[in-house]
Structure formats: C-alpha cells, structure tokens
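Structural overview for review
Below, each chain spelled out in residue letters.
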Amino acid sequence: NVSHDIDLSLTDVDRTIFTTVRGAVEFFGLSVAPRVAGGWVRDKILGFPSHDIDIALDTMMGVDFATKVNEYLESRGENTHSVAIVKTNPEQSKHLETATVKIHGHFVDFVNLRTEEYCETSRIPSARFGTPEEDAMRRDFTINSLFYNLMTEKVEDWTRKGIEDLRKGIIRTPLPPTTTFLDDPLRILRAIRFATRLSFTISDEAISAAHGAQVLHALRTKVSKERLGKEIEGFFAAKYPGTCFVRESTQNSFKMRRACFYDNLLHENEKRVR
C-alpha cells in the first residue's frame, strides 16, 4: 500500500493553503489530484518546520492550476496575486516550467508530475507528464520522493521505501544507484549533504555505485564547475559544515566523500602532471 495515515502536525498556514487548493479543485470540478512533494513532506515527518510548499499536479500544468486557484479566491472575494512563471533553465537544474502564486500571503509553487529521460553526455533531461510513481522514481533519494495527497490527506510512498528509510535514517536511491547517479552525478554530492544535515547513513549500494568508474567519469564530464560549486556551497548551510569534508564515525559517509572529492582531485592532479 502506497498510502499512509501519518500525522504531519500541519500549521494553521498549511491548513489554510491546503483548504484553498482543495476548494479550487471542488469548485471547478477539476479532474486533478494536487500533491505536496519532496522536502516539505520529508521535513514534516521528521518533525522539522517547513514553509517551502511545492505542489505537483497529475493532469494539469502549474500555470493553469494556479490561475484556477486565483479565480476561486476571487469568487470568494479574497485577495489575489499575479501568477509568476519560472521558465525552464536546465543550467540551474530547472527542468520544468513552474508557476508561483501567493496564497494567503505565502508563495506556493505548482508544477506537473513528470518523468525524465537522460542522455549519456548531459545531466539535463527531457521531461514529459508522468504518473506519481514515475515522478517518485526519477527523484534523487527515497526520502525526497514522498507526496502528501491533498485530496485524500494521506502520505504516499510510491518507492515503498521512503518512509522506512526516514525512520531508519538511510539515504537510498529509488532506482539502482548507478542508474540514479549516471542520470545526474551531482546527486552524489547531494547524498553527502543530506547525510550530514540529517545525520543519516548513506546506503552501502550508493557508496559502491559512487566508486564505479563509469559514475566517476560522469561526475567529471557531465557536471559543470558552476553547478558543482553551487552544491558545495550548500554544504556550508549545514549546522556543522566541517563534517561534510572530514572523516566521521560513519565509515560509509567517508567513503562517499572520498569518491566525490579525493578521487576526483587525484584525477585532476594526474591531468596536470600529464
């Protein structure tokens, strides 16, 4: 069963926004199931505050649904705000158009569920409408692949591992890790960042995949220095940023850092020597 009854300790702001989104669906009789996606669900289950609400839609584009939300608010005599559209920007890891609108004083992002296809020479995918399961499986880690279905008010775990991995403190990829890392090698750094931030353990399978010659080659050739630098900057937002770079008690976290940093530094030094 992918649906779970989990108390997410919704705030008054959460409830107000979600009631409005559900109201728009019901008012217009829309055949759509809005789902809060990713980090908000993860953080709520872990008991962390989260105000970054991203809503994924299974049958509508984000801008179309955001417009309907505004029309619904207007029908109730409530304040509305213009819909901002963030166009695709692959260089900044923005692979799909996102619509942003302010609802009751808080910005909410709307985007459609998607599945992605990667080519061997780039970490920038082509995207199309996908099912909830396809969208969950294309994400970086199981703990980031959870949805909160606003119509059923249940947490959905389409990978069947996300909730368990949150409880056990494991960073695991939804697909075989070699596949996930080859699709986007930057996910190796994200694994380190999430493991450090949450004090989680990276799965042994992910560690082994990160050391694979094909994955290391993809990390060197598919990721721009700008994107690499931006991800490393994220390390310094951690509570204890130094642990991203030094050895901890968790052996496999050290191995992951070695695969990402030390082995690649050796590669760069060998190129200079040549």
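Residues numbered from 1 in each chain as written. Predicted model: local features only at pLDDT ≥ 70, side-chain atom pairs only at ≥ 80, totals over all residues. Heavy atoms only, no water.

**Here we look at the packing of aromatic side chains**
- One pass over the structure, following the stated rule, counts seven aromatic pairs.
- Ring centres 5.6 Å apart and planes at 55 degrees place the aromatic pair F27 and Y72 in the tilted group. Of this pair, F27 sits in helix 1 (residues 12-28) while Y72 sits in helix 3 (residues 62-75), placing them 45 residues apart in sequence.
- According to the relative accessible area criterion, Y72 is buried, its value standing at 11%.
- Feature note: the residues F18, W40 and Y148 constitute an aromatic cluster, connected by ring pairs.
- Directly above the aromatic system of F28 lies the positively charged group of K68, at a separation of 4.5 Å from the ring centroid.
- Of note, R193 hangs over the ring of F194, and the distance from its end group to the ring centre comes to 5.2 Å. (Phe/Tyr/Trp six-rings, centres within 6.5 Å; stacked < 30°, edge-to-face > 60°. Helix = DSSP H or I, 4+ residues; strand = E, 2+ residues; numbered from the N terminus. Buried < 20%, exposed > 50% of the residue type's maximum accessible area, 1.4 Å probe, protein only. Lys NZ or Arg CZ within 6 Å of the ring centre and 35° of its normal.)

**Topic: the sheet that holds strand 9 (residues 147-149)**
- Within the open sheet, the eight strands sit side by side as 1-10-9-2-3-6-5-4. Their pairing is mixed. With partners counted over all chains shown, the strands left at the sheet margins are strand 1 (3-4) and strand 4 (84-86), one partner each.
- Relative to strand 9, strand 2 (residues 35-37) runs antiparallel, the two being bridged by three bridges. Bridge pairing in strand 9 places A37 opposite F147. (Pairing = 2+ DSSP bridges.)

**Remarks on the side chain of D14**
- Summarising the element assignment, D14 is placed in helix 1.
- One polar contact links D14 to K44, side chain to side chain, over a distance of 2.9 Å.
- Discounting residues that sit within four places of it in the chain, D14 has contacts with W40, K44 and I53. (Polar contact = N/O pair within 3.5 Å; in protein donor to acceptor, adjacent residues only side chain to side chain. Contact = heavy atoms within 4.5 Å.)

**Considering the side chain of T20**
- Here T20 shows up in helix 1.
- For T20, the residues in contact, after removing those within four places along its chain, are V69, Y72, L73, I103 and H104.

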